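As a plain string of letters, each chain reads:
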Amino acid sequence: MYVEEFTATGVLTAEGAEDLAHTAGRFTSRITVTCNGHSVHAPVLPVCWDALRVMDGSTVSVTAERGYHPPDDEDRIALREFVRRFQVLTALAPARLALSGGSSARRGPRRPW
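Residues numbered from 1 in each chain as written. Predicted model: local features only at pLDDT ≥ 70, side-chain atom pairs only at ≥ 80, totals over all residues. Heavy atoms only, no water.

Engineer: Please clarify how the sheet that holds strand β2 (residues 30-35) should be interpreted in this entry.
Structural biologist: Pairing between the strands of a sheet comes from backbone hydrogen bonds, and it takes one of two forms, parallel or antiparallel. Pairing in this open sheet of four strands is antiparallel, and the strands run β1-β4-β2-β3 from one edge to the other. The two strands at the open ends of the sheet, each matched to only one other strand, are β1 (2-7) and β3 (38-41). Each adjacent strand pair in this sheet contributes to an overall mean axis angle of 20°, direction not counted. As defined by bridge partners, β2 adjoins strand β4 (residues 59-65) across six bridges and the pair is classed as antiparallel. Paired with Val33 across the two strands is Val62, which belongs to β4. (Pairing = 2+ DSSP bridges. Helix = DSSP H or I, 4+ residues; strand = E, 2+ residues; numbered from the N terminus. Axes fitted to C-alpha atoms, helices over the stretch in contact; angles between N-to-C directions.)

Structure follows, in structure tokens:
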């Protein structure tokens, strides 16, 4: 088993989860992502990516194990490529804004009509 831990520089989105599942599908290694006390296997990321709650500053741990071609080499390569792709996708993801209509939200002038 190979493990890499890093700090996310952005959020994981639904589109990012789809891309990561596709990346993981290129390997026979079993890839697991852990963040905020939850773990998800890469093939099901598109369905439950939001359980991980990956935000800017979150600690993310990724493991790769049980690859077939040869096992150690594939696990290392799968881990490296998956983590690189994860970091690229979260760095490009737009930050979620906290403008829910509360006092911090900016509003334009009210119109009389």
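Let us keep going from here.
Engineer: I'm lost on the pairing of β2 in this one. Help?
Structural biologist: Two faces, one strand: in a regular strand the side chains alternate between the faces of the sheet. The sheet contact formed by β2 and β3 spans four bridges and is antiparallel. Paired with Cys35 across the two strands is His38, which belongs to β3. Linking two consecutive strands that pair antiparallel, namely β2 and β3, is a turn of two residues; a positive phi of about 50° is found at Asn36 within it.

Engineer: I keep staring at the environment of Cys48 and nothing clicks. Help me out?
Structural biologist: With respect to the helices and strands, the residue Cys48 is situated in helix α2 (residues 45-48). By relative accessible area, Cys48 is classed as partly exposed at 23%. When the C-alpha atoms of Cys48 and Ala14 are compared, they prove to be 9.0 Å apart, with 34 residues separating the residues in sequence. (Buried < 20%, exposed > 50% of the residue type's maximum accessible area, 1.4 Å probe, protein only.)

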